Amino acid sequence: MTTQEVLLVPAAVRRFVENLSGEYGKFTLRWSEPAQCGAIIAASAGNADLTPFPVQDHFLQFADSGPAGRWFVGTAEHVGIWRDAAGRGGAIPIREMRDRLPGVLFQVGSRLKYYAIIVSKLNDVPPIWTGWIVTSDEVTPMQIDVERDDEGLSTLGSRWPLDSLRQSHVAVIGVGSIGSAAATSLADHGVGSLTLIDPDRLEFHNLVRHQLGRADVGKYKAPALADAIRQSHPTTSINATKDDVVWNTEAVRSALRDVDVVVGATDGVVPRRTIIHTARRLKKTVLLACVLMDGALGEIMRFRPVSSHGCLECRRRTHPDLFTLDDSLEMPYGTGTDHLPMTAVGTDLELVGRLLSKATVATILEPVGMADQRLAGETAIVGLRPTGNAPAPYDVTRTGEVRWLPAEPPQPGCPTCDPPV
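From a predicted model like this one, the values you see are computed outputs, not experimental measurements. (Residues numbered from 1 in each chain as written. Predicted model: local features only at pLDDT ≥ 70, side-chain atom pairs only at ≥ 80, totals over all residues. Heavy atoms only, no water.)

Participant: How should I be thinking about the confidence of the model for the chain in this particular structure?
Facilitator: The share of residues in the chain with pLDDT of 70 or more is 92%, and the mean pLDDT across the chain is 88. A low-confidence stretch, residues 336-341 (pLDDT under 50), is modelled with 19 contacts involving residues beyond four sequence positions or located in other chains. (pLDDT = per-residue confidence, 0-100. Contact = heavy atoms within 4.5 Å.)

Shown next, in the form of structure tokens:
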């Protein structure tokens with residue numbers, strides 16, 4: 001087992017060191033003693049002047065200067081030595097290691113220490129970085145976390161269709177509890193472009209179930225979530241607007257023209273009706289998600305722009321004993337008689353949002369030849385804390401159960417499903 005200390009090697013430092021022809025060099029750190037973590041901020045070839053590599057947008061950006069260090073070019077044998085020492089755990093007397101690490105363990109004062117990094121350049125594999133903490137008495141193996149150029153989803157290679165997803169564009173309308181989880185997960189899946197649409201600000205009561213945190217209270221949800229996603233997915237293209245899908249329908253319609261799939265995670269019936277009506281006219285597939293029965297069930301519904309798929313109202317009219325489309329659904333958040341979203345805990349809402357993202361990704365991938373991404377139906381009913389009191393087919397009785405249903409056909413005379421004159 002290695003020490004708890006860790007050194008971070010940013011990609012720019014890694015490339016600089018690995019491309020040098022010399023056998024050794026120096027480096028300096030930004031170091032946080034409470035976190036027991038440091039980042040290399042400058043390095044050199046041999047005894048030449050240090051080349052700076054400032055740490056930006058990181059908690060160590062304004063940390064203290066740490067102990068200096070040296071890096072050395074090594075071999076596979078050095079990797080084996082480090083693994084053997086790490087397996088033994090703890091510090092090793094320096095006299096025991098001097099012969100095994102010649103030229104690395106130079107003498108320091110009794111109150112000093114330095115870091116030694118060995119970069120072992122092997123055939124057919126990327127160089128392996130190993131690290132040591134060196135004092136006058138002992139040497140301890142430590143963790144080196146090296147940033148690679150292929151971090152993230154690209155490490156999956158051919159096992160995940162990144163090329164198809166990078167070219168896809170998804171709009172998420174409503175980035176509250178479910179929508180923020182869906183948008184974050186879409187970026188995690190590798191969707192290349194996101195458009196986030198929501199007119200609301202993050203409020204204190206949102207914190208128990210939203211992907212954003214206390215520092216973002218008061219900000220508009222869409223741009224704040226876009227900034228958060230960019231931090232972890234800098235290559236994702238994100239556009240955020242504060243448009244209201246009901247009151248700024250023309251602007252929303254314009255934003256949807258170039259997307260592949262529309263995701264709706266808004267509260268209220270009127271916004272959902274507007275989303276699906278607008279998308280149907282643009283011939284876009286829509287996925288809507290919500291919770292039902294005071295948070296007992298989650299529901300994800302997919303509406304394709306085909307004649308066999310009825311809209312939201314058409315599907316709801318097939319279950320009038322369970323779902324009513326009344327004015328109480330447009331009352332302020334957490335009120336009314338039929339729609340009480342605050343009864344669902346944040347983790348359940350996040351579960352629905354993640355599954356909504358998965359269904360969206362499947363909707364993108366199936367048409368490009370990935371038959372294994374075909375969904376089991378067009379509506380998913382998810383047991384969150386089921387009561388079993390609902391009429392079939394919504395009588396889910398097991399937590400975690402997902403029941404898939406086929407699409408419902410359009411109702412006669414539906415203004416959304418009937419083609420415009």
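Participant: What am I meant to see in the pattern of salt bridges here?
Facilitator: Oppositely charged side chains may form a pair once their charged atoms are brought near each other. Using the criterion set out here, one finds 18 salt bridges in the structure. In this structure, Asp-149 engages Arg-14 in a salt bridge whose closest nitrogen and oxygen atoms are separated by 2.8 Å. You can see Asp-149 sitting in the loop between strand E10 (138-146) and helix H4 (162-166) and its partner Arg-14 sitting in helix H1 (residues 11-18), a full 135 residues away along the chain. Classification of Arg-14 as buried rests on a relative accessible area of 6%. Three or more residues are tied together by salt bridges with common partners; here these are Arg-14, Arg-15, Glu-18, Arg-148 and Asp-149. (Salt bridge = Lys/Arg side-chain N within 4 Å of Asp/Glu carboxyl O. Helix = DSSP H or I, 4+ residues; strand = E, 2+ residues; numbered from the N terminus. Buried < 20%, exposed > 50% of the residue type's maximum accessible area, 1.4 Å probe, protein only.)

Participant: Explain the packing of aromatic side chains to me, please; I cannot follow it from the model alone.
Facilitator: Any aromatic ring pair is given by two values, namely how distant the centres are and how the planes are angled relative to each other. Enumeration according to the criterion identifies 2 aromatic pairs in this entry. Geometry around Tyr-220 places Arg-201 over its ring, the cationic atom sitting 4.0 Å from the centre. (Phe/Tyr/Trp six-rings, centres within 6.5 Å; stacked < 30°, edge-to-face > 60°. Lys NZ or Arg CZ within 6 Å of the ring centre and 35° of its normal.)

Participant: Would you mind going over the pairing of strand E11 (residues 169-173) with me for this structure?
Facilitator: Regular strands show a simple pattern: their side chains alternate between the two faces of the sheet. The buried fraction of E11 is high, at 5 of 5 residues. Alternating positions in E11 separate into two faces, His-169, Ala-171 and Ile-173 on one and Val-170 and Val-172 on the other, with burial throughout. By the bridge criterion, 5 bridges tie E11 to strand E12 (residues 193-197) in an arrangement that is parallel. Bridged to His-169 within E12 is Ser-193. Remark: the E11/helix H5 (residues 177-189)/E12 crossover connection has right-handed handedness. Sheet topology places E11 next to strand E14 (residues 261-264); 4 bridges connect them, and they run parallel. Paired with Ile-173 across the strands is Gly-264, a residue of E14. (Pairing = 2+ DSSP bridges. Right-handed = clockwise from strand over helix to strand, strands pointing away.)

Participant: Looking at this model, I keep getting lost on empty space enclosed by the protein. Mind explaining?
Facilitator: Within this structure, the stated rule accounts for 3 cavities of 30 Å³ or more. In this structure, the second largest cavity encloses a volume near 40 Å³. Along its surface, the second largest cavity is lined by Arg-272, Leu-288, Ala-289, Cys-290, Glu-299, Met-301, Leu-312 and Arg-316. Where the lining of the second largest cavity is concerned, the elements lending two or more residues are strand E15 (285-292), strand E16 (297-303) and helix H9 (312-317). Considering each element in turn, the lining of the second largest cavity owes the most residues, 3 residues, to E15. Here the residues of the lining of the second largest cavity are counted per class, giving 5 nonpolar, no polar and 3 charged. (1 Å grid on protein atoms, 1.4 Å probe; cavity = no way out; pocket = protein on both sides within 12 Å on 5 of 7 lines; lining within 4 Å. Points joined across faces, edges and corners; volume = space filled by probe spheres on them. Nonpolar A, V, L, I, M, F, W, Y, C, P; charged D, E, K, R; others polar.)

Participant: Mind showing me how you'd approach unusual backbone geometry here?
Facilitator: Keep in mind that most residues, glycine aside, have a negative phi and that most peptide bonds are trans. The residue after Ala-392, namely Pro-393, is reached through a cis peptide bond having omega 5°. Secondary-structure assignment places Pro-393 in the loop between strand E17 (379-383) and strand E18 (402-405). One non-glycine residue, Gln-36, lies in the positive phi region at around 50°. Looking at the secondary structure, you find Gln-36 in the loop between strand E2 (24-32) and strand E3 (37-43).

Participant: In this structure, what is going on with helix H2 (residues 76-88)? I would like to understand it.
Facilitator: In an α-helix, one turn spans 3.6 residues, which is why side chains three or four residues apart end up on the same side. Here H2 contains 13 residues, and its C-alpha end-to-end distance of 19 Å stays within 8% of the 18 Å for a straight helix at 1.5 Å per residue. Buried within H2 we find His-78, Val-79, Ile-81, Trp-82, Ala-85 and Ala-86. Down the axis of H2, the buried side of the element spans an arc of 160°, and every buried residue falls inside it. Exposed residues lying more than 90 degrees from the buried face of H2 are Glu-77, Arg-83 and Gly-87. Against the buried residues of H2 lie strand E6 (69-74), strand E7 (92-93), helix H3 (94-97), strand E8 (113-120), strand E9 (128-135) and E10. Just past H2, the residue Gly-89 takes up positive phi, approximately 80°. (Expected span 1.5 Å × (residues − 1). Arc of directions from axis to C-beta.)

Participant: Hey, could you run me through the environment of Pro-10 in this one?
Facilitator: Along the polypeptide, Pro-10 turns up in the loop between strand E1 (6-9) and H1. Each C-alpha atom, one on Pro-10 and one on Ala-296, is 46 Å from the other, the two residues being 286 residues apart in sequence. Once residues lying within four places of it in the same chain are set aside, the contact partners of Pro-10 are Ile-40 and Glu-147.

Participant: Hey, could you run me through the side chain of Asn-206 in this one?
Facilitator: Residue position: Asn-206 is located in the loop between E12 and helix H6 (221-232). Residue class for Asn-206 comes out buried when judged on its relative accessible area of 7%. A polar contact is formed between the side chain of Asn-206 and the backbone nitrogen of Glu-203, at a distance of 2.7 Å. The residues contacting Asn-206, other than those within four sequence positions of it, are Arg-201 and Lys-221. (Polar contact = N/O pair within 3.5 Å; in protein donor to acceptor, adjacent residues only side chain to side chain.)

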